[in-house]
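Observations on the three-dimensional arrangement
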Amino acid sequence: MHQSGKIVAYCSAALSVAAITSFVTLSVVIPRLGTPQAVSEQAKTPPGGAAAPSEQVLALAAAVSGPDPQPAASDPAQAGSPPLSPAPAAPQAGETEAPPPQWSTTEVAAALMECVNLLAPVAADVIPLAPIRYNDCGTPAPVLLRSIGAKDKVAIDPPMLMNCPMVVALSRWMEKTVQPAARATLGSPVAMIAGSGYACRNLYNLPNERRSQHAYADAIDLPVFFLADGRRIDLATGWGPTRRDLVAGVRLIPIVAKNASADGEADQAAPTDKMTAKPASATPAAMQASVKPAALIEGNAGDESKAPAPDPLSLPQAKFLRRVHQGACEVFTTVLGPEANDIHRTHLHLDLQDRHALNVCK
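Described in the following lines is the structure provided in the data block. (Residues numbered from 1 in each chain as written. Predicted model: local features only at pLDDT ≥ 70, side-chain atom pairs only at ≥ 80, totals over all residues. Heavy atoms only, no water.)

**Topic: the nonpolar core**
In this structure, W173, I193, F225 and F320 are the most contacted members of the largest nonpolar core, which totals 41 residues. Of all the secondary-structure elements, those providing two or more residues to this core are α5 (105-119), β4 (143-148), β5 (154-162), α6 (164-186), β6 (190-196), β7 (219-227), α13 (316-328) and β10 (348-351). Tallying contributions element by element places α6 first for this core, with 11 residues. With residues up to four places along the chain from it excluded, the contact list for F320 reads V178, A181, A182, T185, L186, V190, F225 and I233. (Core = buried A, V, L, I, M, F, W, Y, C linked by side-chain atoms within 4.5 Å. Buried < 20%, exposed > 50% of the residue type's maximum accessible area, 1.4 Å probe, protein only. Helix = DSSP H or I, 4+ residues; strand = E, 2+ residues; numbered from the N terminus. Contact = heavy atoms within 4.5 Å.)

See below:
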């Protein structure tokens, strides 16, 4: 009996251990029986193989099965639609756009010191402005110029934005060239000028060109001068014909004369004394004289008593503008006027670009 009791006790202990083990196994397996992960795990377990620990099984199932499938779309129209592209990722909390370029404190301080030194002996009414920087345009110490000069004060209307070296150069040009030329040729000093200064743009506003000096507040365009007596002298009408105009007129005269013949004898009439007495010369006076036959052909051929038109280059405003243009070439490094090209036919472009002594004067 005593031996039988021991056997029963051993059997009871074994059954208890088996029951506990079964309960633990069922508590882990039963909740996952209906999931795709459980089916996947059962299919992957080799026959007779040892079961992996529960944590490893859960991790492996999650890696293999991926996220839970989404429910099917209820709208039939959306059932065959392609998947939507993922939304753009939101910017991270610590990520920000790069700040725009700015002048350093050293650059601004150096430019201000230069302005103080340059403008000290100059009679100019300027308003200091905050540094300007837009991409590669701007200047660290811009000023707004409202007037210049002491004895013959010249108003700038509207005021022009430029750097301090341009203010000094403009003052020197006005004092040494513009006012003396105005008094000598026009009998009245200049009282006001109008134009433009800073503009963030390329040369001729073309996208593939390099930056203009206007983009650095280092250039001005002047189309007009106003005299103290009220007269207005502008480049568009006061300059007169350019060399391009005179050369083009000389080249067109023989063609006009040949086509203007009404009696069919143009070939004999073309080489007349008026047309072939002298070869075309490169001097403006000769070019102006050669324009006379074209004027006669236009209906005045029979009016020999009519006085010839005055030479436009001898008019006071033409002389004044040419003198100030030539004087500007002694102050600025770039001077472009009507003789340069058709774009500058209506104004003077003046700047201080560093050209290493190879200045441009056209």
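**Brief notes about unusual backbone geometry**
Cis rather than trans, the peptide bond between D157 and P158 has omega equal to 0°. Considering the arrangement of structural elements, one finds P158 in strand β5. Positive phi values are uncommon outside glycine, yet N135 reaches one of about 55°. For A217, which is not glycine, the phi dihedral falls at a positive 55°. Along the chain, A217 turns up in the loop between β6 and β7.

**With respect to α6**
Its maximal kink placed at M174, α6 deviates by approximately 45°. Among the residues of α6, the N-terminal cap falls to N163, whose side-chain oxygen and the backbone nitrogen of M166 are separated by 3.0 Å. Just downstream of α6 lies G187, where phi reads positive at about 75°. (Bend = angle between axes of the 7 residues up to and from the residue. Polar contact = N/O pair within 3.5 Å; in protein donor to acceptor, adjacent residues only side chain to side chain.)

**Things to note about the pairing of β4**
Sheet topology places strand β1 (residues 124-128) next to β4; five bridges connect them, and they run antiparallel. Each residue of the ladder has a partner; that of V126, found in β4, is L145. The pairing of β4 with β5 spans five bridges and is classified as antiparallel. Residue pairing across strands places I148 opposite V154, the latter belonging to β5. Taken together, β4 and the strand that follows it, β5, pair antiparallel across an intervening segment of five residues, in which G149 is found at a positive phi of about 100°. (Pairing = 2+ DSSP bridges.)

**Quick notes on the state of the cysteines**
Considering all chains together, one arrives at three disulfides under this definition. Shown here is the disulfide that connects C115 with C164, its sulfur atoms set 1.9 Å apart. In this structure the cystine formed by C115 and C164 twists about its S-S bond by roughly 100°; its chirality is therefore right-handed. Of this pair, C115 sits in helix α5 while C164 sits in helix α6, and the two are 49 residues apart along the sequence. Residue class for C115 comes out buried when judged on its relative accessible area of 11%. Between C329 and C361 runs a disulfide, and the two sulfur atoms are separated by 1.8 Å. Looking down the S-S bond of the C329 and C361 bridge, the torsion is 75°, so its handedness is right-handed. With C329 in the loop between α13 and β9 (334-336) and C361 in strand β11 (residues 360-361), this pair connects stretches of sequence that are 32 residues apart. Judged by its relative accessible area of 14%, C329 falls in the buried class. For C361, a relative accessible area of 38% puts it in the partly exposed group. (Disulfide = S-S within 2.5 Å.)

What is shown is where atoms sit, not what they do.
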